[in-house]
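Per-entry structural report
Chain by chain, the residues run as shown.
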Amino acid sequence: MSKPFLQPQHLKAGDSVAIVAPSGILRNREKEINQAKDLLKSWGLNVVVGEHVFKKANHFAGTDDERADDFQKALDNPNIKAIWCARGGYGTVRMIDKLDYTKFKENPKWVIGYSDITAIHNQLNIEGSESIHAMMCTSLKDDFTEIEQTIETFKCALFGQPLSYTVKGSKYNKTGNTSGPLVGGNLTLLHTMLGSKTSIDTSGKILFIEEIGEYKYHIDRMLQSLKRAGYFENLKGLIIGDMSNMRKNTTPWGTSIEQLILDVVADYDFPVLFDFPAGHEDDNRALILGRTIELKVSKESSLLTFAN
């Protein structure tokens, strides 16, 4: 039997959250960081902003060492109960091997983010801890009503409120009921981790994937790589989030993105849920990675429920 996952304590008023930037540069994004601080404070939380968040080092929010330093300090500080990533972009993979989780395991805390932050979610999964795939500081807008569910589900995940999602049906859904721990994130990052010590074990688990700005042939290539690496061999279920801003190649792929995915996993009998609202769109529902979920998939509508 594998050990149960670390479940960081859910937040309560008076707790402290660190905002750090492990990836891309935050050029002219002070407004969103201030909005993020105000949002957390409105929930009764204290906010600590990493020393290097607004640093500029070419493409990145500070050098690899500076970004890792902010993240490490937040991991090690027992008074920090959650680490909220300011934005994604690219850069996390350059600093994750600098991080040490010894003190984190003594005082586990929530790490929140998506997209490029998938690299850290993978690592936390291997370390045996749950984490939250959810909005980042730069997801905030002037009009919060546009992202109401995004914010509400993030708050629910953070404060330990029950999470359950009813998802609209899709004719492409591969029906069935299943359960297992949820893993995954951004497809490019999962593909990037293959062959490294940060490549996750998907056996007996339910995989979530999302992507942005890719050609269909590249989606297929990454999924074929995951398939050849054994990602789907003992998978319990597959959840497809947003496939945003897909690019058009000069040579048409010839099928929908849904059919492309179904063709890759045609040899397996696990359920496949399409159109889950998570990823690079305004409606980005929070997911607790590492937590066991119940998944019921039908053509009409589907239900995803997190165990408490």
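Details of the structure are given in the entry above.
Here the structure is a predicted model, which means the values were calculated and not measured.

Scanning the model with the defined rule gives eleven aromatic pairs in all. Between Phe-60 and Tyr-90 the ring centres are 5.9 Å apart and the planes differ by 50 degrees, which places this aromatic pair in the tilted class. Of the two residues, Phe-60 is situated in the loop between β2 (46-49) and α2 (64-76) and Tyr-90 in the loop between β3 (80-85) and α3 (102-106); the sequence distance between them amounts to 30 residues. When its relative accessible area of 9% is taken as the criterion, Phe-60 is described as buried. Geometrically, the ring pair formed by Tyr-215 and Tyr-217 is stacked, given 5.5 Å between the ring centres and 20 degrees between the ring planes. Through a chain of ring-to-ring contacts, three or more aromatic side chains come together here, namely Trp-43, Trp-84, Phe-154 and Phe-159.

Before going further, it helps to spend a moment on the pattern of salt bridges. Taken as a whole and assessed by the stated rule, the structure comprises 16 salt bridges. Residues Glu-146 and Lys-141 are paired through a salt bridge, measuring 3.9 Å at the closest nitrogen-oxygen approach. On the basis of relative accessible area, Glu-146 is assigned to the partly exposed category, the value being 46%. In this structure, Asp-282 and Lys-141 form a salt bridge, with 3.4 Å as the shortest nitrogen-oxygen distance. With Asp-282 in the loop between β10 (272-273) and β11 (287-289) and Lys-141 in the loop between β5 (131-133) and α5 (148-159), this pair connects stretches of sequence that are 141 residues apart. You can call Asp-282 partly exposed: its relative accessible area is 35%. Look at the salt bridges and you will find they share partners, linking Glu-51, Asp-69 and Lys-73 into a network.

In this section: the sheet that holds strand β1 (residues 16-20). Backbone-to-backbone hydrogen bonds join strands into a sheet, with any given pair of strands oriented parallel or antiparallel. If you walk across this open sheet you meet the six strands as β2-β1-β3-β4-β5-β11, and the pairing is mixed. With one partner strand each, in any of the chains shown, β2 and β11 form the two edges of the open sheet. Recorded for the sheet is a direction-independent mean angle of 25 degrees between the axes of neighbouring strands. In terms of strand pairing, β3 meets strand β4 (residues 110-113) through three bridges, oriented parallel. Of the residues in β4, the one forming a bridge with Ile-83 is Val-111. Across the sheet, helix α1 (residues 30-42) touches β1, β2 and β3, and the angle it forms with β1 is around 165 degrees. Each of β3, β4, β5 and β11 is contacted by α5, which is oriented at about 165 degrees to β4, the strand it contacts most.

The next thing to look at is the side chain of Arg-285. Tracing the backbone through its elements, the reader meets Arg-285 in the loop between β10 and β11. Only 2.6 Å separates the side chain of Arg-285 from the side chain of Asp-283, close enough to count as a polar contact. Not counting residues within four places of it along the chain, the set of residues in contact with Arg-285 comprises His-133, Gln-149, Thr-153, Tyr-165, Phe-276, Pro-277 and Ala-278.

Ranked by size, the top nonpolar core spans 49 residues in total, and within it Trp-84, Leu-158, Ile-239 and Phe-276 carry the most contacts. With six residues, the top contributor of residues to this core is α5. With residues up to four places along the chain from it excluded, the contact list for Leu-158 reads His-10, Leu-11, Trp-43, Ala-82, Trp-110, Ile-112 and Ile-132. Counting residues in each nonpolar core, the second largest holds 26 residues, with Leu-207, Met-222, Ile-257 and Val-264 among its members.

So, on to the pairing of strand β7 (residues 176-186). The pairing of β7 with strand β12 (residues 292-297) spans six bridges and is antiparallel. Counted as the bridge partner of Asn-177 is Lys-296 from β12. Bridge count between β7 and strand β8 (residues 206-212): five bridges; the pairing is parallel. When the bridges of β8 are listed, Asn-186 appears paired with Glu-210.

For the rest of this paragraph, the subject is the side chain of Asp-15. Along the chain, the position of Asp-15 falls in the segment before β1. Its relative accessible area of 8% is what places Asp-15 among the buried residues. At 2.9 Å, the side chain of Asp-15 and the backbone nitrogen of Lys-12 are in polar contact. In contact with Asp-15, not counting residues within four places along its chain, are His-10, Gly-44, Leu-45, Asn-46 and Lys-81.

Calculation notes
Residues numbered from 1 in each chain as written. Predicted model: local features only at pLDDT ≥ 70, side-chain atom pairs only at ≥ 80, totals over all residues. Heavy atoms only, no water. Phe/Tyr/Trp six-rings, centres within 6.5 Å; stacked < 30°, edge-to-face > 60°. Helix = DSSP H or I, 4+ residues; strand = E, 2+ residues; numbered from the N terminus. Buried < 20%, exposed > 50% of the residue type's maximum accessible area, 1.4 Å probe, protein only. Salt bridge = Lys/Arg side-chain N within 4 Å of Asp/Glu carboxyl O. Pairing = 2+ DSSP bridges. Axes fitted to C-alpha atoms, helices over the stretch in contact; angles between N-to-C directions. Contact = heavy atoms within 4.5 Å. Polar contact = N/O pair within 3.5 Å; in protein donor to acceptor, adjacent residues only side chain to side chain. Core = buried A, V, L, I, M, F, W, Y, C linked by side-chain atoms within 4.5 Å.

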